[in-house]
Amino acid sequence: MADGSNLPKAAQLKILRLEDAEQQAQTLISSTVRRIGELERIIMNNPDGDRGDAVREEIALLRERRDEHTDRHRSCCDVNAAIRRYLGMLPANAVLSDARKVKVRPRGGESFVAAVDRVRRDIANLVSERFQVQQCGLPVEEIRAKARDWIASQTQTARPRITATHNEFAISFEVYDEKASVPMPDIAAIMAFLYPEKLTKRIDEAIEQMPKPRLSLSAEQKAKRLREIKDLLYERETEEEALISLAEEQGQTIDRRPTADPRAILGLVVDRNRAVA
């Protein structure tokens, strides 16, 4: 699906416009470089001419513009490459449709650049929060519950083997530490079987002494918040793209982020569950 042939019309149109922007930036680079060469030849042929200073100043200005065009072209290439990678990873039978258009305008007295910067700050904050949630720790009570579950499971695992006959009586713990490089009895499992209450008490004490994380969430809370952040990120990125597109309609260019969600840039809804046979 990398060629975009199965995309809805609006998404196909957006891809064409993005490719046009890349080509226009390349054309501006070429024309600017060509003009710089022409002016440099004028200086070379007549370094002390009447227009020498003006030509040199124009060359300096054109070099700045060349750098701007180069940055613009690189940005367009990165965005288009990211979109192609995304489309190439979509299942061939995924159901694609146009997303609902978002109506958004800059706030009162706000320029398009300022509006996009504001939305991007929101996006950056959400990305930062997502990382913190992904790295969050468990609440103390949940750690204790996991410790009790572990001790209970080890109590069953370490149940000894008892041999009792008229000629022999023996007790052996045939449980070994799976992480040891050589066969070694699993002391923790044996302790869990022999002294479950004492071990639970000591483990609780050790848990109390553990460093407290900056953020602690249960598994359910973590999953719920990550889903919320994912939805909020998509909303903000959709708003960002709407502002950039509106700015382009009014003749103002704002570079897109290569890390933006391709669905938001293309205005695309992807349904992986309802596939086309």
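Residues numbered from 1 in each chain as written. Predicted model: local features only at pLDDT ≥ 70, side-chain atom pairs only at ≥ 80, totals over all residues. Heavy atoms only, no water.

> So, helix H5 (residues 187–194): which residues are in play, and what are the values?
Within the sequence span of H5, burial applies to Ala189, Ile190 and Ala192. In a view along the axis of H5, the buried residues occupy a sector of 155°, so they form one face of it. At its buried positions, H5 is contacted by helix H4 (140–157) and helix H6 (196–208). (Buried < 20%, exposed > 50% of the residue type's maximum accessible area, 1.4 Å probe, protein only. Helix = DSSP H or I, 4+ residues; strand = E, 2+ residues; numbered from the N terminus. Arc of directions from axis to C-beta. Contact = heavy atoms within 4.5 Å.)

> Describe the pattern of salt bridges, listing the residues and the values that go with them.
In total, this model carries 25 salt bridges according to the counting rule given. A salt bridge links glutamate 129 to arginine 225; the nearest nitrogen and oxygen atoms lie 2.7 Å apart. Of this pair, glutamate 129 sits in helix H3 (residues 112–134) while arginine 225 sits in helix H7 (residues 219–249); the two residues are 96 residues apart in sequence, bridging distant segments of the chain. Since its relative accessible area comes to 22%, arginine 225 is described here as partly exposed. Lysine 224 serves as the salt-bridge partner of glutamate 228, at 2.6 Å between the closest nitrogen and oxygen. Here glutamate 228 pairs with lysine 224, and both are found in helix H7, just 4 residues apart, close to one helical turn. With a relative accessible area of 27%, glutamate 228 lands in the partly exposed category. Since its relative accessible area comes to 46%, lysine 224 is described here as partly exposed. One network of salt bridges, with partners in common, ties together Lys14, Glu241, Glu248 and Arg256. (Salt bridge = Lys/Arg side-chain N within 4 Å of Asp/Glu carboxyl O.)

> Describe the packing of aromatic side chains, naming the residues involved and giving the relevant values.
Two numbers describe a pair of aromatic rings. These are the distance of the centres and the angle of the planes. Summed over all chains, the structure comprises 1 aromatic pair. Arranged with centres 5.9 Å apart and planes meeting at 70°, the rings of phenylalanine 173 and phenylalanine 193 form a pair that is edge-to-face. You can see phenylalanine 173 sitting in the loop between strand S3 (169–172) and H5 and its partner phenylalanine 193 sitting in helix H5, a full 20 residues away along the chain. Owing to a relative accessible area of 24%, phenylalanine 173 belongs among the partly exposed residues under this scheme. (Phe/Tyr/Trp six-rings, centres within 6.5 Å; stacked < 30°, edge-to-face > 60°.)

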